[in-house]
Amino acid sequence: MAHGYTYQDTLATSEKITWRIEDIIGGAKSLDFRKPFMPETLARTQALGFLSPAEQKTLNQIRGHAYLSIFGVVEEFILPFLLDQTRPQLQKNDHETRALLNFASEEAKHIHLFKVFRAEFERDFGHHCDVIGPPEAIAKAVLAHSPLGVALAILMIEWMTQRHYLDSIKDAQDLDPQFKSLLKHHWMEEAQHAKLDTLLVEEIAAKCSPAEIEQGVGDFLKIGMFIDGGLEAQTKFDLEALARVTGRALSESHAREAFEVQRQANRWTYLGSGMTHPDFLATLGEISPAGRKQVEGIAPAFC
Ligand SMILES: [Fe+2]
Ligand SMILES: [Fe+2]
């Protein structure tokens, strides 16, 4: 417990950050399709040299659409999980109850925000882009695992959001300012979520037997593989959308290369960047040194 996070401090920070969906999207705040949406470290579209710069930018924007849509989808399992975790402790600690309810409320706001974004994107982009789902089916599959496995998966997601914003988005000058603003506002609240989920993982783990810890780590890995299957499907959706928008059919070898590069870009974005985050690994190592070793062993395949 070297991190020093507390429910009280995190609640206090979260209460100072207040933005409304209406303040950050809609009206004059529209997306600028002349610019890329995603940083190249996550998009990896420039690696596809057989695409023109305009096609690379279009794929980048399709990836941006998928990015916020996928966060919307995963937050649909985070929200019920938090409510389930909060209810049994309602009487225990007022700061904890309020911090976790705030966490849940912010995720509900993000789910709503990303739905509004998706409608705006499609309106202005002029093409439909498919996203994996439906969210209820994904939530059902994830929540069938043990609470520790789910909490670890959420912890990985919260830390990866931090890493994306701080390492690749905050100082990027070339991205669409509106898309960047959505990422920034999301990140501001996610910063508290990473701390709260750290406390939650520790609390759940403290009640687990060694066998349950082992099961939790195993469930975390199963959820990771489930997400990886979803990313493969999303990669296909994104490349199909690119083909519809550009009207261009790639040769077999270029199509294969596009799929491999983009699947790996998705793996890094949604799995590798979280699995290798030092704060995620620190928490995992604290509850299961063997689990940390295992995750560190497989992480390079997702980077
Ligand atoms: Fe969120
Ligand atoms: Fe979050």
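1. Structural notes on the overall build of the protein
Inference 1: When helices and strands are counted, the protein shows 12 helices and 0 strands.
Inference 2: Overall, the protein shows an N-to-C arrangement of helices and strands of α-α-α-α-α-α-α-α-α-α-α-α.
Inference 3: Relative to the 2.2 N^0.38 estimate, which gives 19 Å for 303 residues, the radius of gyration of the protein is 19 Å and therefore close to what a compact globule would have.
Inference 4: Projected onto its principal axes, the C-alpha coordinates of the protein cover approximately 60 × 45 × 35 Å.
Inference 5: Within the span of the protein, comprising 303 residues, buried residues form 55% of the whole.
Inference 6: Total accessible area computed for the protein in this model is approximately 13,100 Å², and 55% of it derives from carbon and sulfur atoms.
Inference 7: Taking the 31 positively charged and 42 negatively charged side chains of the protein as two groups, their mean positions are separated by 3 Å.

2. Some thoughts on the coordination of the iron ion (ligand 1)
Tetrahedral coordination by four donors sets the ideal angle at the metal to 109.5 degrees; octahedral coordination by six donors sets it to 90 or 180 degrees.
Inference 1: On the protein side, the iron ion (ligand 1) has Glu75 (OE), Glu107 (OE), His110 (ND1), His186 (NE2) and Glu190 (OE) as donor atoms, found 1.9 to 2.3 Å from it.
Inference 2: One chain supplies every donor for the iron ion (ligand 1), spaced along it as E-x31-E-x2-H-x75-H-x3-E.
Inference 3: A distance of 3.5 Å spans the gap from the iron ion (ligand 1) to the iron ion (ligand 2), which Glu107 bridges by coordinating each metal. In this pair, Glu107 and His110 both sit in helix α5 (residues 94–125), 3 residues apart, roughly one turn of the helix. For the pair formed by Glu107 and His110, the shared burial category is buried.

3. Focus: the environment of Ser168
Inference 1: Relative to the helices and strands, Ser168 resides in helix α7 (residues 147–169).
Inference 2: Accessibility expressed as a relative area gives 16% for Ser168, which makes it buried.
Inference 3: It is 8.9 Å that separates the C-alpha atoms of Ser168 and Met38, two residues lying 130 residues apart in sequence.
Inference 4: When sequence neighbours within four positions are dropped, the list of residues in contact with Ser168 reads Pro39, Thr41 and Arg163.

What counts as what
Residues numbered from 1 in each chain as written. Chains lettered and ligands numbered in written order. Predicted model: local features only at pLDDT ≥ 70, side-chain atom pairs only at ≥ 80, totals over all residues. Heavy atoms only, no water. Helix = DSSP H or I, 4+ residues; strand = E, 2+ residues; numbered from the N terminus. Rg over C-alpha atoms; globule rule 2.2 N^0.38 Å. Buried < 20%, exposed > 50% of the residue type's maximum accessible area, 1.4 Å probe, protein only. Areas by Shrake-Rupley, 256 points an atom, 1.4 Å probe, with all protein chains shown as cover. Lys, Arg positive; Asp, Glu negative; His and termini not counted. Charge placed at Lys NZ, Arg CZ, Asp CG, Glu CD. Donors = N, O, S within 2.8 Å, 3.2 Å for Na, K, Ca; no water. Contact = heavy atoms within 4.5 Å.

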